[in-house]
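Coordinate inspection notes
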Amino acid sequence: MLLTLLLASNVLNAQQVPDPKIYDAVQWRLIGPFRGGRADGVTGVKGSDHSYYFASTGGGIWKTVDSGKTWKAVSDGFFGGSMGAVSVAESDTSVVYAGGGEKTVRGNVSFGYGVWKSADAGKTWARAGLDKSRFISRLKIHPSNPDVVYAAVLGDIFKPDATRGVFKSVDGGANWEKVLFVSEVAGAVDLVLDPTNPEILYATTWEIKRTPYSLESGGPGSKMFKSSDGGKTWDELSAKETFPKGTLGIMGITVSPVNSNRLFAIIENENGGVFTSKDAGETWEKVNGDRNLRQRAWYYSRIYADTQNEETLYVLNVDYHKSTDGGKTFKNFEAPHGDHHDLWIDPQNNQRMIIADDGGAQVSEDAGSTWSTMMNQPTSQFYRVITDNSFPYRIYGAQQDNSTLRIRHRNDGGAITENDWEPTAGGESGWIAPDPLDNDIVYGGSYGGYLTRENHRTGTSRSVNVYPNNPMGHGAEDMKYRFQWNFPILFSPHDPKMLYTASNQMHRSNNGGQSWAVFSPDLTRNDKSKLGPSGGPITKDNTSVEYYATIFTGAESPLKKGVIWAGSDDGLVHVTQDNGATWQNVTPKDMPEWLQINSIEASPFDAAEAYFAATGYKSGNYEPYLYKTKDYGKTWTKITSGIDPEHFTRVVRADPVKRGMLYAGTETGMYYSKDDGASWHSLQLNFPIVPITDLAIKENNLIAATQGRSFWIIDDLTVLHQAEPGLENKPFHLYKPQDSYRIDGVKKESATAGTNRPGGVLVYSFLKEKPKDELKIEFLDDKNQPLRVFSTKGINGDTLKVKEGANEFNWNLRVENATGFDSLIMWAANLRGPKVVPGTYKVRMTLDGQALEQSFKVLADPRYESTQEDLVAQYDFLLGVRNKLTETHETIKLIRAYRSELDSLETKPENLEAIKAEMQEIEETLYQTQNRSGQDPLNFPIRLNNKLAHLNSVVGNGDYKPTDGAVEVRKELTEKIDVQLARFKKLEKEQISRILNIEEMRTKLEIKK
């Protein structure tokens, strides 16, 4: 399994790095958003009305068993990354094949890891060959033999590659034979089997190449083929007389299941469009040249025949288009998201479909009249991540082919939903920079040098481009300033009004973008041969994603004003130490040319230190490149030891608290170093295999932006800070807890929403073995008074659960709840114990008699203006309420126990009925005994206990001292309750104790006198 290999590749030296088992209770948390990102392959399951799969372009394989209401990532734990194809065997629907790499070769495209096979409908997977195929666009399975499978392989689109064409396996992927090959620069892009004869195959090949500065679609290698003998021999259909002449590009093909002689094709060509053949490919006729069907051909060009009607077909593009007259005319339709890439139509029911687009996958059961939602798939692709200074802080990113957004990293509820996020400044591809003085002012970028200033408070937006000359459709050679579509935008850490951005030069503004000053020369190679228009030879594609010779990343030292670093996408690193007056080219001399400097990190400990991550994957170089300097770039050290040689690096960040602790995000895995990069080790934990595009560190949290799995976070890096070699040999270890805010929140797993951080403090520990007798966790105040106790032996029905190895325990900062009783029903009230006030506390862990202690702080929620005295007053008030409720409810429990015992006496005392009558009167004054269901209090007036418990809800709402009214009501209620409690105690002492052994009964009920 790829995940196992990923972890195993890091051979741990116990003398240098801690064993992961001592800290692996620390896990990554999926924040979301649950808003679908690009999908490139889909399939349904024949014979099932509700099961479907889709291939996410970065996030693995997903499955639904409820027609798209919920989705599950079934590849997690086995493989992940970019997926281009998924197919289910018709003869045995438990057999599923998945192919890595995608046909939608955008500027942010990622390769895959070959073919994977499941024999149990996606529960488990095994490798099935073609490991270095990089990009697989189609998988087709023989309809009666699931071991016979064909793969359309694009191969390595970044360089010439022999692993291209159509491959066939007859043993379920154990071995593959290349059955169709055109050239080292042309791979197979579409592949279909004749539904009536699986020995007949149709395939198209595509000459495609993507470089850091261009996309080329089309050439001599783009062809169409037919095989009538299962791939042994092939006839070139594109050489037929009636096939369009001239240069061909990408082509999609489909066969009508109703009439296997009827073919349809969508062809990129100067005279391209929709073509049909009525004689199985011998002759062709153009039926539609509408550009809406073939615009931006490289990104689309898929065509599908309806499974029940010969004249009905679909063409996918920005919209999806449907024809009912054999392609002569089309009507356009929209699924929940645009940019459509794949379609599956049930062979037995043409009303049942699944479509893939830039918003994930959606299911229709009425031929497209309605579709399932895209808002339940956490497959968003993000380019960068940054946080703000709000509380709780927000995470910002730009989602590919969607809006930018900002999302709370936690809330006071149970899940992170759409209520916790909103669109913000910029567009799908840009950096984002919240104003450090006002987080409701946000700057964001997009393609074409577009830069906007969003005011969330007023809902207004302003364009503040450096040079608002729309470049769309032009090559980079025409630009005064070359802005990559992912151009940097950042604020100075020393001057909160100074905003930086970068084209091929550095720009800054101190007036919110009203004016911009250039403060650098061209900091790129400025190679004119790489600045022409992108696309061709048939269709140009200039969106600024291919703009080259641009500054791609930058950072200013947080320690020394005016020390600014810049890295270009053509492989140069520059630094200025005098705020831009002069710049030095400090590119490492041993680094390959033309690498993209993807991220730069200025050290939080020394202004002369910096780190950068570089990639060369768009040139076919998949090596990791991380460098560090300690002398302003005069010398550099490459720091990649321990990183897999094909896990190319996208980002490196330095921990601002623990010197020498670094984090690196790669194409395939997450790494950390505790020795300033001298050695790297896996930090994958439960993180899915997905490209990690950026990292941010905030409040000892590590946030990862991914290209296909939204945002993830580690909530407590301090455990990793403390983890040391040798701890695994101790009987147990208690980590010092991170200081924690006094806020609520529940960790609640959901298939449709992000996972929240639980409120309170997270306590991490390591147990070499499970407890032989008892493990106890106690929380104590600064006077060593116990506040809450948890035990593996159970306390008040609450049993602490632990396991051998690393453990996480969450204390919600609340003391014990008030005592309740069976069938207690109240309205607008609760029994919760109050949260402790801000201050210093201890956690004590006792294992089989041996104890360890650690201190931690509880921090005030900064959203409240309350003083410490206010919070103490609230705590004391609520503690008093809790204690009185406990006393009240214990009295009710005693009354009920006494009543039951008195009724069971064989010899009835003369005053029995009088005693029972008085107990009943006391109970009914304290509690509404007629309540039997949750809404009975609307019919039977609540009593004193409910009124008092209501104050627990009212005064416990927020972090404020009690109101005068609350104090007055509590005094009144407590006095009334005390009257009844005194009355009961008198009755108990003077009469009940003469009949029953009340001490024994109190002990049995665990009620103190």
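Here is what the cut-offs are and how they apply
Residues numbered from 1 in each chain as written. Predicted model: local features only at pLDDT ≥ 70, side-chain atom pairs only at ≥ 80, totals over all residues. Heavy atoms only, no water. Helix = DSSP H or I, 4+ residues; strand = E, 2+ residues; numbered from the N terminus. Rg over C-alpha atoms; globule rule 2.2 N^0.38 Å. Buried < 20%, exposed > 50% of the residue type's maximum accessible area, 1.4 Å probe, protein only. Contact = heavy atoms within 4.5 Å. Lys, Arg positive; Asp, Glu negative; His and termini not counted. Charge placed at Lys NZ, Arg CZ, Asp CG, Glu CD. Pairing = 2+ DSSP bridges. Polar contact = N/O pair within 3.5 Å; in protein donor to acceptor, adjacent residues only side chain to side chain. 1 Å grid on protein atoms, 1.4 Å probe; cavity = no way out; pocket = protein on both sides within 12 Å on 5 of 7 lines; lining within 4 Å. Points joined across faces, edges and corners; volume = space filled by probe spheres on them. Nonpolar A, V, L, I, M, F, W, Y, C, P; charged D, E, K, R; others polar. Core = buried A, V, L, I, M, F, W, Y, C linked by side-chain atoms within 4.5 Å. Axes fitted to C-alpha atoms, helices over the stretch in contact; angles between N-to-C directions. Parallel < 35°, antiparallel > 145°, perpendicular 65-115°, else oblique. Left-handed = near helix turned anticlockwise from the far one by under 90°. pLDDT = per-residue confidence, 0-100. Phe/Tyr/Trp six-rings, centres within 6.5 Å; stacked < 30°, edge-to-face > 60°. Lys NZ or Arg CZ within 6 Å of the ring centre and 35° of its normal. Salt bridge = Lys/Arg side-chain N within 4 Å of Asp/Glu carboxyl O. Expected span 1.5 Å × (residues − 1). Arc of directions from axis to C-beta.

Our focus in this paragraph is the overall build of the chain. Regarding its fold elements, the chain presents eight helices and 66 strands. Taking 2.2 N^0.38 as the reference for a compact globule, 1009 residues should give roughly 30 Å; the C-alpha atoms of the chain span a radius of gyration of 33 Å, in line with that estimate. On the principal axes, the C-alpha backbone points of the chain span a range of 115 × 70 × 55 Å. Expressed as a percentage of its 1009 residues, the buried residues of the chain come to 62%. Long-range pairs, those at least 24 residues apart, make up 58% of the contacts in the chain between residues at least 6 apart in sequence. Of note, the chain has its 115 positive side-chain charges centred 3 Å away from the centre of its 130 negative side-chain charges.

Successive residues of a regular strand alternate their side chains across the two faces of the sheet. Of all six residues in strand E62 (residues 775–780), five are buried, a share of seventy percent or more. Of the strand pairs in this sheet, E62 and strand E65 (residues 839–847) are connected by six bridges, and their pairing is antiparallel. Note that in E65 the partner of phenylalanine 779 across the bridge is valine 843. The sheet contact formed by E62 and strand E63 (residues 786–791) spans five bridges and is antiparallel. Residue pairing in the sheet places leucine 780 in a bridge with proline 786 of E63. Hairpin connection of E62 to E63: five residues between the antiparallel strands, including asparagine 784 at a positive phi of 65°.

Here we come to the side chain of histidine 341. Along the chain, histidine 341 turns up in strand E27 (residues 340–345). Only 2.8 Å separates the side chain of histidine 341 from the side chain of aspartate 358, close enough to count as a polar contact.

Our next topic: empty space enclosed by the protein. In this structure the tally under the stated criterion is eight cavities of 30 Å³ or more. Considering only enclosed or pocket space, the largest cavity measures out at about 210 Å³ in volume. What lines the largest cavity is a set of 17 residues, among which Tyr383, Phe552, Gln596, Asn598 and Arg650 lie closest to the centre. Class assignment of the residues belonging to the lining of the largest cavity gives a composition of five nonpolar, nine polar and three charged. Its boundaries defined by the atoms lining it, the second largest cavity holds a volume of some 80 Å³. As for the second largest cavity, its lining consists of Arg742, Arg814, Pro834, Lys835, Gln874, Tyr875, Leu878, Gly956, Gly958 and Asp959. Residue composition of the lining of the second largest cavity, by class: three nonpolar, three polar and four charged.

Further remarks concern the sheet that holds strand E32 (residues 404–408). One open sheet holds the four strands; their spatial order is E30-E31-E32-E34, and the pairing between them is antiparallel. Two strands in the sheet have a free side with no partner beyond their single neighbour: strand E30 (386–387) and strand E34 (421–423). The pairing of E30 with strand E31 (residues 394–398) spans two bridges and is classified as antiparallel. Pairing of isoleucine 386 across the sheet is with tyrosine 396, part of E31.

Right, let's get into unusual backbone geometry. Following glycine 32, the chain continues into proline 33 via a peptide bond in cis, with omega recorded as 10°. Following the sequence through the fold, proline 33 ends up in the loop between strand E1 (28–32) and strand E2 (39–44). With omega at 5°, the peptide bond leading from glycine 536 into proline 537 counts as cis. When you line up the elements, proline 537 lands in the loop between strand E42 (517–518) and strand E43 (551–556). Of note, serine 301 is a non-glycine position whose phi angle comes to about 60°, a positive value. Along the chain, serine 301 turns up in the loop between helix H2 (291–294) and strand E23 (302–305). Serine 301 gets classed as buried once you look at its relative accessible area, which sits at 2%. Even without being a glycine, asparagine 579 presents a positive backbone phi close to 65°. Residue position: asparagine 579 is located in the loop between strand E45 (573–576) and strand E46 (584–585).

What follows is about the nonpolar core. Membership of the largest hydrophobic core comes to 37 residues, with the highest contact counts inside it found for Tyr898, Met919 and Ile992. Breaking this core down by element, the ones donating at least two residues are helix H4 (868–903), helix H5 (912–926), helix H6 (944–955), helix H7 (964–990) and helix H8 (998–1005). Considering every element that reaches this core, the biggest residue donor is H4, with 10 residues. Isoleucine 992 has contacts with Tyr898, Ile915, Met919, Phe984, Leu987 and Ile998, leaving out every residue within four places of it along the chain. If you look at the next biggest cluster of nonpolar residues, it comprises 34 residues, including Ile61, Val109, Phe158 and Tyr299.

The subject of this paragraph is the packing of H4 against H8. Orientation of H4 relative to H8, taken along the N-to-C sense of each, is 125°, at an axis distance of 11 Å. Compared by their axis directions, H4 and H8 come out oblique. Like other packed secondary-structure pairs, H4 and H8 cross with a definite hand, here right-handed. Every residue of H8 that contacts H4 at Lys893, Leu894, Ala897, Tyr898 and Glu901 is listed here: Ile998, Met1001, Arg1002 and Leu1005. Along the lines of polarity and charge, the residues of the contact of H4 with H8 split into six nonpolar, no polar and three charged.

Our next topic: the confidence of the model for the chain. Considering every residue of the chain, the mean pLDDT works out to 96; 98% of them sit at 70 or more. Contacts from residues 2–15, a stretch scored under 50 in pLDDT, to residues over four places away or in other chains number 30 contacts.

It is worth spelling out the packing of aromatic side chains at this point. Counting across every chain of the model gives 43 aromatic pairs. With a centroid separation of 6.2 Å and 20° between ring planes, the pair formed by phenylalanine 779 and phenylalanine 809 is classed as stacked. Of this pair, phenylalanine 779 sits in strand E62 while phenylalanine 809 sits in strand E64 (residues 805–811), and the two are 30 residues apart along the sequence. We note that phenylalanine 779, like phenylalanine 809, is buried. Over the aromatic face of phenylalanine 181 sits the side chain of lysine 178, whose NZ or CZ is 4.2 Å from the ring centroid. If you follow arginine 296 out to its NZ or CZ, it ends over the ring of tyrosine 299, 5.6 Å from the centre.

The subject of this paragraph is the side chain of aspartate 190. The residue aspartate 190 is located in strand E14 (residues 186–194) in this model. With a relative accessible area of 0%, aspartate 190 lands in the buried category. Other than its neighbours up to four places away in sequence, aspartate 190 contacts Ser137, Arg138, Tyr202, Ala203, Thr204, Met251, Gly252, Ile253 and Arg302.

Right, let's get into the sheet that holds strand E19 (residues 248–255). Spatially, the four strands line up as an open sheet ordered E19-E20-E21-E22, and their pairing is antiparallel. Of all strands in the sheet, those bounded by a partner on one side alone are E19 and strand E22 (285–288). The average angle at which neighbouring strand axes cross in this sheet is 30°, direction not considered. When strand E20 (residues 263–269) meets strand E21 (residues 273–277), the two strands line up antiparallel, connected through five bridges. Across the sheet, phenylalanine 264 pairs through a bridge with threonine 276, a residue of E21.

So, on to the pattern of salt bridges. Scanning the entire structure with this criterion turns up 61 salt bridges. Linking arginine 138 and aspartate 190 is a salt bridge whose minimum nitrogen-to-oxygen distance equals 2.9 Å. Taken together, the residues span a long stretch of sequence, with arginine 138 in strand E10 (residues 136–141) and aspartate 190 in strand E14 at a distance of 52 residues. As far as the burial class goes, arginine 138 and aspartate 190 line up, both buried. As a salt-bridge pair, lysine 628 and aspartate 676 come within 3.0 Å of each other at their nearest N and O atoms.

Attention now moves to H5. With 15 residues, H5 should cover 21 Å at 1.5 Å per step; its first-to-last C-alpha distance of 21 Å lies within 8% of that length. Listed as buried for H5 are Leu912, Ile915, Lys916, Met919, Ile922, Glu923 and Leu926. Projected down its long axis, H5 carries its buried residues within an arc of 125°, all on one side. Across from the buried face of H5, at angles greater than 90 degrees, the exposed residues are Glu913 and Ala914. Tucked inside the fold, the buried residues of H5 contact H4, H6 and H7.

Moving on to the environment of glycine 449. If you trace the backbone, glycine 449 turns up in the loop between strand E36 (438–445) and strand E37 (451–455). Those residues in contact with glycine 449 that lie beyond four places of it in its chain are Asn465, Phe483 and Phe487.

Between H4 and H6, whose axes approach to 10 Å, the crossing angle comes to 155°. For the element pair H4 / H6, the angle class is roughly antiparallel. Every pair of crossing elements has a handedness; the one defined by H4 and H6 is left-handed. On H6, the residues touching Gln874, Phe877, Leu878, Val881, Lys884, Leu885, Thr888 and His889 of H4 are Asn945, Leu948, Ala949, Leu951, Asn952 and Val955. Taken together, the residues of the contact of H4 with H6 sort by class into eight nonpolar, five polar and one charged.

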